[in-house]
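Here is what each chain is made of, one letter per residue.
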Amino acid sequence: MTERLQNIARKIGGPLYSNRRLIEYYWQRTQRNKLAVLGLSFIAFLILLALIGPFFTLDPTLVNFEENNLPPVGFATEESVYNIYTDEFTTTEISGTWKHPLGTDSKGRDMLAMIISGARISLQVGLIATGIAITLGTIIGVLSAYLGGWADNILMRFTDVMMTFPFFLLLVLIVFIFGPSLALIVLVIGITGWTGTARLLRSEALSLRTRDFVTAAKALGASDGRVIFGHLIPNVASLIIVIATLSIPGVILAEAALSFIGLGDPTTTSWGIILNSGQQSLDTAWWIAVEPGIMLFLTVLAFNFLGDGLRDAFDPKSNI
Amino acid sequence: MGKSWLRDYIIKRLIYAVIIAWGIVTITFVLVRVGPSSPADKYLANMAASGQDVSQITTAIEARYGVDKPIFEQYADYMVNLFQWDWGWSFSTSMPVIDLIKTHWIYSFQLILLSSLFAAFLGILIGIYSAVKQYTKIDYTATFLSFIGISIPNFWLGVMLILLFSVKLGLFKAYYDTTLPLFSLENLKALVLPVITLGTGMLAGYVRYTRSAMLDNLRKGFVTTARAKGLPERTVIGKHAFRNAILPLFTIIMFDLGSIVFGGAYLTEIVFGIPGLGQISFNAIFADDYPVVVAVTLIGTFLILMINLITDVAYTYLDPRIRYD
Amino acid sequence: MGLETPSIPRAIFKVMNNTILGVSHLKTYFFTRRGVVKAVDGIDFELKRGECLCLVGESGCGKTVTALSILGLIDSPPGRIIDGEVRYNNLDLVKCSPTQLRRIRGKEIAIIFQDAQSALNPVFTIGDQIVEQIRLHLGMKYTEARDKAMTLLKEMGIPSVERAMSYYPHQLSGGMKQRAMIAMSLSCDPQVLIADEPTTAVDVTIKAQILDIFHELKAKRQMSLIFITHDLGVVAEIGDRAVVIYGGKVVEMAPVSKIIGNPKHPYTAGLIDCLPDISKTTDRLASIPGTTPNPIELPQGCPFHPRCHKAMEICSQQQPPEVRISEGHEVSCHLYQ
């Protein structure tokens, strides 16, 4: 019986934030998807790591050439040292120590500390840039659908142009011209990344616009702003959540790719930057490239799992 | 059934494409020119380093490249030249931009072509199989692996492939060898790692799209009709269901093709040192060589616009129900 | 318009064996997340040569699933034929190999679906879809098959056949699509034709025209027909015998005259009461109270008892046995024990 009620509630599509029962229902459906739960757990772990991790680790910027290129715990490498007095190479085996559980980089910085600091950056970039992009996309998409006519036409043509622009090249160009700072990177990704959201929300809002509760709100004299923010946007909330979750990995990857090709903010230790330095020492210290990549991969995977699970939960078609 | 409306549509779209391309060239041009450094700066730095008198040379160089004029004039010159098929002069490589592009496009093309073929062929095959075997172990495995495929950052995958196959196993070279003849087995071998790097994400995407498009169609009435006609299962799935699944799939594959030109392909070229358009535009950005940057952006944009147009036109043949007016 | 007469004299078969298709104890269940749907739960009937057998019942009673089960067209998963047999020419279609089944589908037993709109493939032309089937079973060359397809379309009353062949389904009207569908199913001269509510998705005037086609099929081809419908009016017009199905079970089986004139099962009687009678002016149409049972939790005993105004205590406890009222008239009801 309750399931039936929930089904009805879902069909009516009440605003998500004001409907506890609906949220609980979606939560239950999401929980059914084990991979989504796994993804969510990893994201929660990552957030915790980024928030409190830095208090327990070494300083990620601390350079120490005495202990550079140390392998992670449980691994060992060989290092050839040239002895100027005897004029010969001596090979020593170096094993990882618990002082640096994930090893150190070529400057002797602690990998664990750098990875955790990188998590902070990736999450910041992912959340803020997605936030900007989704906000812009929602406003443009819903406005376009609500206003219709020439306004809709102009906004959608503009979206088309933005979609045609070689996005990554633009990113590289702007960051190169104005200098690599994290704030700029986040801003550019956010400002250019709204097009998909706008398109999707426009079509969703178009179908909502003719629904009875919108007509009723207008008939009762609600202002345009009230209809848009009070009725249309709350009703596309579930879609926004899904799009946001599925956009975050792309944004994180864009920042990482940018850093990887040498345009990262040099004052940070983002995963992409670590990867960049790791690529240069693949033959001496493989872990420098491997570790941040694994974290990047797992983070993206976690968001994809969660996003997919959320979409299944929100999508009535998957109810069969 | 004539398609006379299609010609008008194509013309309309071509005009539209030219306008958008012009807009994007303008934006890029402005972006490049408002940059804090002038192309002459790099030369001057080099000159100064070799102990020459900078002040005399400055004006000479700036006049040579036309960068002493006001930006609007430069822009007008550039556009006029562009219409005369003069794409400008590349400062950093000392050759006409058009020649630079002529020598380098093939490297991007072969990479993108091979990766797309590899990804589309395998992806569609696995996707169909996965859909037909929905809710079996094979399907779950394919779905799980496709998740991993779409989540793995391709530049990292490239680095890992180099680490494993070049550094550790020594099976492949870490860097692309540009001296190889294009149509040779060695060249193909050199492209194995880059193609896997670029293709894996696409492959995984295609598995997911194909699976979902096939699932949408496998339970349709016409599939039951096809079975009721006595057709073998191969025909039912490969012809009747797949022919309908192609419709959404085709759009996605073409869209992907447009977006990888400056996404994945760009990064893959950099990781493996393939001297394609991505690599030269990347180098050009760092060298302040703006004619190359603008030209490559223009080519990329035009390519995307053309792919979109081709997609829409081809779609009218794939789906007889579609009409654009 | 002259339909071809089949080359094999049917009379010889009639002497040998009068039954062309026999369905017995057929059980088709769907295994869903919510439970087991017993869509068809032990159905028996026989189709005689040259007769038109109507399967009658409300939507969801299992008529269509029965038809699909005969040809092994149930989507699996979730559906599965768990018991019973479908006899055709000494062959059990439930147990025979997929290859054997494929040779029968479309060639020996053809099926017409309710909604031609979704049953025709939207991306192939009508001509290609018919030609495909002809070439598959009759091994004809393309031009030969094309000629045959055009002849068939002409017989179905489709104007300007030449052009119609190159049309895609969306370019044809609903009635024309249904005709093309019928032409396709007849393309290999099947022995048995199953028509699944062929008149439901079209409007009234077209319905009459489609029914005319079936009349002609009966008259000229002596086609053995299984006609599935919920419309007793159609049954009266076209049927020889009728099988009334409720909750996946046969409740009554009789020649059409007896079903209409002397229904025994309260459900059949109810269905007939629901038929509008234009000669009487009443305020409202009669209806059977209640709704079709949830196929996951079919009621104990007789599946109809919760809606039956003649229900007795025993009805909710025991499955009613099959009772023979007269020659060829059987009913499953506790009233007639």
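Residue positions are given per chain, counted from 1 along the sequence in the order it is written. Each chain takes a letter, starting from A, and each ligand takes a number, starting from 1, following the order in which they are written. In keeping with the predicted nature of the model, local features appear solely for residues at pLDDT of at least 70, side-chain atom pairs appear and are counted solely at 80 or more, and the whole-chain, interface and lining totals rest on all residues. Hydrogens and waters are ignored; side-chain quantities use all the structure's heavy atoms.

(A) Summary view of the sheet that holds strand β1 (residues 19–32) of chain C. Residues and elements named next belong to chain C. Note: two strands are recorded as paired if DSSP finds a minimum of 2 bridges between them. Helical segments are the DSSP runs of H or I of at least four residues, strand segments are the runs of E of at least two, and each set is numbered from the N terminus. Ordered by their spatial adjacency, 4 strands build an open sheet running β2-β1-β4-β5, and the pairing between neighbours is antiparallel. With one partner strand each, in any of the chains shown, β2 (35–48) and β5 (91–92) form the two edges of the open sheet. Pairing analysis gives 2 bridges linking strand β4 (residues 79–88) to β5, with the strands arranged antiparallel. Among the inter-strand pairings, Arg87 is bridged to a residue of β5, identified as Asp92. Any two residues whose heavy atoms approach within 4.5 Å at even a single point are treated as in contact. Geometry is summarised by axes, namely lines fitted to C-alpha atoms with helices restricted to the contacting stretch, and by angles between N-to-C directions that run from 0 to 180 degrees. Taken strand by strand, helix α2 (residues 63–70) contacts β1, β2 and β4, and its axis lies near 110 degrees from that of β1.

(B) The arrangement of the sheet that holds strand β3 (residues 52–56) of chain C in detail. Residue and element names in this part refer to chain C. The strand order across the open sheet built from 8 strands is β6-β7-β8-β3-β9-β10-β12-β11, with neighbouring strands paired in mixed fashion. Whereas interior strands pair on both sides, the edge strands pair on one side only; in this sheet they are β6 (109–112) and β11 (322–326). With strand direction ignored, the average angle separating the axes of adjacent strands in the sheet is 20 degrees. Two strands pair when backbone bridges link them, and β11 and strand β12 (residues 329–332) are joined in this way by 4 bridges, in the antiparallel orientation. What sits directly across from Glu322, in β12, is Ser332. The strands that helix α8 (residues 174–186) touches are β6 and β7 (192–196); relative to β6, the one it contacts most, it runs at about 175 degrees. Sitting on the sheet, helix α9 (residues 204–221) touches β3, β6, β7 and β8 (224–229), and the angle it makes with β8 is about 155 degrees.

(C) Looking closely at the layout of surface pockets. Residues and elements named next belong to chain B. The way it works is a 1 Å grid over only the protein atoms, where trapped points that fit a 1.4 Å probe form a cavity and open points with protein on both sides within 12 Å along at least five of seven lines form a pocket, and then any residue with an atom within 4 Å of a point lines it. Grid points are joined across faces, edges and corners, and a volume is the space filled by probe spheres set on the points. Taken as a whole, the second largest pocket encloses approximately 530 Å³ of empty space. In terms of lining, the second largest pocket is formed by 22 residues, of which the most central are Phe109, Ile112, Leu113, Leu257 and Val261. Mapped by element, the contributors of at least two residues to the lining of the second largest pocket are α5 (97–132), α11 (233–260), α12 (264–272), α13 (277–286) and α14 (290–318). Of the residues that constitute the lining of the second largest pocket, the class distribution is 17 nonpolar, 4 polar and 1 charged. Gly is put with the polar residues, along with every residue not named as nonpolar or charged; the nonpolar set is Ala, Val, Leu, Ile, Met, Phe, Trp, Tyr, Cys and Pro, and the charged set is Asp, Glu, Lys and Arg.

(D) The arrangement of the domain arrangement of chain A in detail. All names here are of chain A. Partitioning chain A into domains gives domain 1 (20–69 + 104–314) and domain 2 (74–101). What marks off one domain from the next here is an automatic or database domain assignment. Using C-alpha coordinates to define each centre, domain 1 is positioned 41 Å away from domain 2. Taken together, the 9 residues of domain 1 in the interface contact 5 residues of domain 2. In short, buried area is how much 1.4 Å probe accessible area vanishes from two parts on joining, totalled over both. The contact between domain 1 and domain 2 buries some 620 Å² in all, and 60% of this surface belongs to carbon and sulfur atoms. When the buried surface of domain 1 facing domain 2 is broken down by residue, Leu58, Glu67 and Trp286 rank first, second and third, together holding 45% of it. By definition here, a salt bridge exists when the distance from a side-chain nitrogen of Lys or Arg to a carboxyl oxygen of Asp or Glu is within 4 Å. Seen at the junction of domain 1 and domain 2, the total is 0 salt bridges. N or O atoms within 3.5 Å of each other form a polar contact, as long as, within protein, one can give a hydrogen and the other can take it, and as long as residues adjacent in sequence are counted only when both atoms are side-chain atoms. Counting every contact that joins domain 1 to domain 2 gives 0 residue pairs in polar contact (both at pLDDT 80 or more). Its residues assigned to classes, the side of domain 1 that touches domain 2 comprises 4 nonpolar, 3 polar and 2 charged.

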